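As a plain string of letters, each chain reads:
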Amino acid sequence: MSAHRNAAGAGVSRRASLASLASLVAAPAWYLGSPSVAHAGGQLEEPLMDSVRTALSSAVLNQAPPEPEFASTEARIAYIHWLTAMSERLYKRKPDLDVRRDFLQTAWYESKRAGLDVSLVLGLIQVESAFRKFAISSVGARGYMQVMPFWTRVIGDGDPGKLFHMQTNLRFGCVILRHYLERERGDLFMALGRYNGSRGRDPYPNAVFTAQRNWIFNGAGSVGA
């Protein structure tokens, strides 16, 4: 079993061999963040145990403003370095500084809250929506993380329009990915496939792992809450 199947937030998949990278180049443009309408797959609605439904519902409620808290001055400085570096990388996609900062702060906050690597979440967003807030896929998935509307009925308040709200979309997406990761017992490759509705197939997970490289932070310090 390869390394990325053993830990959430692992680096680039070992399955991305030269052959699979070659197939990725020839893959549909939406895998690489095409600016056209999103064509990503979608999560499949499955029966949930009452305890799981309750836990997921609780996880998406109480959306307080994403204000990062830090255990030390060093952690705060590391976060600032991360925010600065990511802001520069995201500039072409989000030219407005305030919009860019709010998005990155929320993505960082929701990733950490769900126990996910923020570089993985940003890679997933790049593949799913190319960082477009109002993206809609051919199967109806919505927003940055292309969340299927049924989730608002299953664990939310039933209003799919809220999936175009930045924090709501990122929270749902991170909570859902964490749920799939737990279902797959830490197998990130399989969890990503489940998120996309293509469980067990290579193209989507490998596309996310490839996109994740764009958002890995190698600056001073380790960013942590």
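Residues numbered from 1 in each chain as written. Predicted model: local features only at pLDDT ≥ 70, side-chain atom pairs only at ≥ 80, totals over all residues. Heavy atoms only, no water.

Draft legend 1. Molecular detail of helix H9 (residues 203-212). Judged by how many residues are buried, H9 sits mostly within the fold: 8 of 10 residues are covered. Of all the positions in H9, only Tyr 204, Pro 205, Asn 206, Ala 207, Val 208, Phe 209, Ala 211 and Gln 212 are classed as buried. (Buried < 20%, exposed > 50% of the residue type's maximum accessible area, 1.4 Å probe, protein only. Helix = DSSP H or I, 4+ residues; strand = E, 2+ residues; numbered from the N terminus.)

Draft legend 2. Here's a closer look at the pattern of salt bridges. This structure, assessed with the given rule, holds 6 salt bridges. In this structure, Asp 102 engages Arg 101 in a salt bridge whose closest nitrogen and oxygen atoms are separated by 3.6 Å. The class for Arg 101 is partly exposed, based on a relative accessible area of 37%. The closest approach of N and O atoms between Glu 184 and Arg 194, which form a salt bridge, is 2.9 Å. (Salt bridge = Lys/Arg side-chain N within 4 Å of Asp/Glu carboxyl O.)

Draft legend 3. Representation of the packing of helix H7 (residues 166-183) against helix H8 (residues 188-196) in the model. Axis separation between H7 and H8 bottoms out at 8 Å; the angle between their running directions is 130°. The orientation of H7 relative to H8 falls into the category oblique. For the pair H7 and H8, the crossing hand works out as right-handed. Listed contacts from H8 to Gly 173, Ile 176, Leu 177, Tyr 180, Leu 181 and Arg 183 of H7 are Leu 188, Ala 191, Leu 192, Arg 194 and Tyr 195. For the contact of H7 with H8, the class distribution of residues is 8 nonpolar, 1 polar and 2 charged. (Axes fitted to C-alpha atoms, helices over the stretch in contact; angles between N-to-C directions. Parallel < 35°, antiparallel > 145°, perpendicular 65-115°, else oblique. Left-handed = near helix turned anticlockwise from the far one by under 90°. Contact = heavy atoms within 4.5 Å. Nonpolar A, V, L, I, M, F, W, Y, C, P; charged D, E, K, R; others polar.)

Draft legend 4. Here's a closer look at the confidence of the model for the chain. Of all residues in the chain, 75% have pLDDT values of 70 or greater, and the mean over the chain is 80. Averaged pLDDT values over the elements of the chain bottom out at 31 in helix H1 (residues 18-25) and peak at 97 in helix H5 (residues 118-129). pLDDT under 50 marks residues 221-225. Its contacts with residues more than four places away, or in other chains, come to 15 contacts. (pLDDT = per-residue confidence, 0-100.)

Draft legend 5. Up close: the packing of aromatic side chains. Under the definition given, this model contains 11 aromatic pairs. Pairing Phe 70 with Trp 108 gives two aromatic rings, centres 5.7 Å apart and planes at 40°, and the pair type is tilted. Taken together, the residues span a long stretch of sequence, with Phe 70 in the loop between helix H2 (50-60) and helix H3 (73-90) and Trp 108 in helix H4 (residues 97-113) at a distance of 38 residues. By relative accessible area, which is 17% here, Phe 70 ends up buried. We classify Trp 108 as buried; its relative accessible area is 2%. For Lys 94, the ring lying beneath its charged end belongs to Phe 103, and the centroid distance is 5.2 Å. (Phe/Tyr/Trp six-rings, centres within 6.5 Å; stacked < 30°, edge-to-face > 60°. Lys NZ or Arg CZ within 6 Å of the ring centre and 35° of its normal.)

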